[in-house]
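The lines below spell out each chain.
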Amino acid sequence: MPSLEEELFPSTPGKFKIERAHAMNRQFHRCFASTSTLFLWALFLIALTASYLSFRSFVDSGSRYFAASWGGIQWEKQVRSSAQIHRSGGLSVLVTGAAGFVGTHVSLVLKNRGDGVVGLDNFNNYYDPSLKKARKVLLITHNVFVVEGDINDARLLAKLFDVVAFTHVMHLAAQAGVRYAMENPNSYVQSNIAGLVTLLEASRSASPQPAIVWASSSSVYGLNEKVPFSESDRTDRPASLYAATKKAGEEITHTYNNIYGLSITGLRFFTVYGPWGRPDMAYFSFTRNILQGKPITVYRGKNRVDLARDFTYIDDIVKGCVGSLDTAGKSTGSGGKKRGAAPFRIFNLGNTSPVTVPTLVSILERHLKLKAKKNIVDMPGNGDVPFTHANISLARRELGYKPTTDLQTGLNKFVRWYLSYYGYNHGKPV
């Protein structure tokens, strides 16, 4: 039986048999035809796969669209109704983080004086979402519509600005907390930087452009040792990732003010406390643990120095927020282009009266009529700073800002709310 080599080539040079030549041609044709057929089938399968993936993508996109918690005629009607202004010269304000601590209080004050307010919140689980849901119910009873969505959703923001010509944005949505940054650093970048940029992009493209007031933080002062902290002090030494993202936010907002003519006001909050507050804050967790008979951890600084904070009551902070909205100059951009210089401002909002943490505990013990079980330990290197102290002279001059609630009074109001909200009677759960 001839080998493959003999089949393809003559055994003796010069004597190529015609029959073998025809046989070889037939094999080549069959081989080529077979290869061509396989190639065509491969192309067909590739095209079929691409079509299937494209269809799946279309279906998934459609599913996400129809599953979205926003959009539609009824939704737009609710947004417009909530944004309606009921006083002469009133504002129409988009409040991000509206179901948060400060956001709820600001929204209520604006709505109660006749401004239009639309809330936006993603109801994340950084702390108990049920508290945020309860705040939402409170807002609904005051005719504030809260959209459930994320500030990183550019389509949602574009839709909101399309439905309502907001005059102002009160941007309070953020990933809060200093220590949590060590557990979940990406959440700070996603919310405090990426989310801020997404909001600024939507705002600069809106027509008309809204004026923006947003929450920075006293944390930007970082390792600054000069007291009290003034807006002109250096802020280039953050002690935590949270502080770094807020400092980045100040630089980013300045950029949008410079390029696009957005009116920007940044507010550096100093340790806000009060009813409907955040459970991760010390005064809140201390109250919970004292009532439950659990120990509380009290940190102290170097050389056993007590930590001190410029505790600022929520009503005073709200006055600063509303004053900032009322005095914010207009944005000057149009069609995403700057037409002239726009205001860029930064203010401290504090109480100017720092109080040590042990004093805070003593006040809570007095209001709760219970003694705390205290574990006093040295402050770990988790990004916290030993003290904060606000110089508010600029806010007082420009905004008419004047805090009026001392810590004793403010904590009394907080404790009464806490006992009522969590169902306590004479220090015991009902």
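Check the entry above for the structure.
As the structure is a prediction and not an experimental result, all values here were calculated from the model. For every chain, the first residue of the written sequence is number 1, and numbering continues from 1 onward in sequence order. Local features in a predicted model are, by the rule used here, given only for residues with pLDDT of at least 70; side-chain atom pairs are given and counted only at 80 or more, and totals for whole chains, interfaces and linings are based on all residues. Think of the side-chain values as coming from all heavy atoms in the structure, minus any hydrogens and water.

Describing the overall build of the protein chain
Piece 1. Across its full length, the protein chain carries 13 helices and 17 strands.
Piece 2. Sorting the 430 residues of the protein chain into buried and exposed places 48% on the buried side.
Piece 3. Here, residues are in contact when the closest pair of their heavy atoms is within 4.5 Å. Excluding contacts between residues fewer than 6 apart, the proportion of contacts in the protein chain whose partners are at least 24 apart in sequence is 81%.
Piece 4. All accessibility values rest on the Shrake-Rupley procedure with a 1.4 Å probe; residue burial counts only the protein chains present in the view. Total accessible area computed for the protein chain in this model is approximately 21,800 Å², and 57% of it derives from carbon and sulfur atoms. Per the convention used, a helix needs a DSSP run of H or I reaching at least four residues, while a strand needs a run of E reaching at least two, with both numbered from the N terminus. Each residue's exposure class comes from its accessible area (1.4 Å probe, protein chains only) as a fraction of the maximum for that residue type: buried when under 20%, exposed when over 50%, partly exposed otherwise.

Quick word on the nonpolar core
Piece 1. Here, the term nonpolar core denotes a set of buried Ala, Val, Leu, Ile, Met, Phe, Trp, Tyr and Cys residues that are joined through side-chain atoms within 4.5 Å. Ranked by size, the top nonpolar core spans 72 residues in total, and within it V102, M170, F269 and Y283 carry the most contacts.
Piece 2. Tallying contributions element by element places helix α13 (residues 407–421) first for this core, with seven residues.
Piece 3. Setting aside chain neighbours within four positions, we find M170 in contact with V93, L94, V95, T96, V106, V213, L267, C321 and L325.
Piece 4. Residues W75, L120, F166 and V169 belong to the second largest nonpolar core, which totals 31 residues.

Re helix α8 (residues 241–260)
Side chains three or four residues apart in an α-helix point the same way, a direct result of the helix having 3.6 residues per turn.
Piece 1. Here the expected span of a helix is defined as 1.5 Å times the quantity of residues minus one. Counted at 1.5 Å a residue, the expected span for α8 with its 20 residues is 28 Å, and the 28 Å between its end C-alpha atoms agrees.
Piece 2. Among the residues of α8, those classed as buried are Y242, A243, T245, K246, K247, G249, E250, I252, T253, Y256, N257 and Y260.
Piece 3. Residues of α8 that are buried make contact with α7 (185–205), β5 (211–215), β6 (264–269), β11 (333–334), β12 (337–338) and β13 (344–349).

Some thoughts on the pattern of salt bridges
Piece 1. Within this document, salt bridges are pairs made up of a side-chain nitrogen of Lys or Arg and a carboxyl oxygen of Asp or Glu, the two lying within 4 Å of each other. A full pass over the atoms with the stated rule returns 16 salt bridges.
Piece 2. One salt bridge in this structure joins D236 and R234, with 2.8 Å as the shortest N-O distance.
Piece 3. When salt bridges that share partners are traced, they join R87, R113, D115 and D326 into one network.

Here's the deal with the sheet that holds β13
Piece 1. When DSSP finds two or more bridges between two strands, those strands count as paired. Taken together, the seven strands give an open sheet; going across it, the order is β3-β2-β1-β4-β5-β6-β13, and neighbouring strands pair in parallel fashion. Edge strands, defined here as strands with exactly one partner in the open sheet, are β3 (145–148) and β13. Pairs of neighbouring strands in the sheet enclose a mean axial angle of 20 degrees, with direction left out of account.
Piece 2. Note: strand β2 (residues 116–121) against β3, four bridges, orientation parallel. Paired with L120 across the bridge in β3 is V147. Simply put, an axis is a line fit to the C-alpha atoms, just over the touching stretch for a helix, and the angle between two N-to-C directions goes from 0 to 180 degrees.

Focus: the environment of T388
Piece 1. Mapped onto the secondary structure, T388 falls in the loop between β15 (373–378) and α12 (393–399).
Piece 2. Separated by 164 residues in the primary sequence, T388 and N224 have C-alpha atoms spaced 9.6 Å apart.
Piece 3. The contact partners of T388, leaving out residues within four places of it in the chain, are S218, F229, F270, T271, A308, R309, D310 and P354.
Piece 4. From its side chain, T388 meets the backbone nitrogen of D310 in a polar contact 3.0 Å long. Polar contacts, as counted here, are pairs of nitrogen or oxygen atoms within 3.5 Å of one another; within protein the pair requires one atom able to donate a hydrogen and one able to accept it, and residues that are adjacent in sequence qualify only if both atoms are side-chain atoms.

Points about the pairing of β2
Piece 1. In terms of burial, β2 is largely enclosed, as six of its six residues are buried.
Piece 2. Every second residue of β2 is oriented toward a common face, with G116, V118 and L120 on one face and V117, G119 and D121 on the other, all of them buried.
Piece 3. Bridge analysis of strand β1 (residues 92–96) against β2 gives five bridges, and the strand direction is parallel. Paired with L94 across the bridge in β2 is V118.
Piece 4. By definition, the crossover connecting two strands over a helix is right-handed if that path, from the first strand to the second, turns clockwise as seen with the strands pointing away from the viewer. Taken together, β1, helix α4 (residues 101–112) and β2 form a β-α-β motif whose crossover is right-handed.
Piece 5. For the handedness criterion, the β-α-β arrangement of β2, helix α5 (residues 129–141) and β3 is classed as right-handed.

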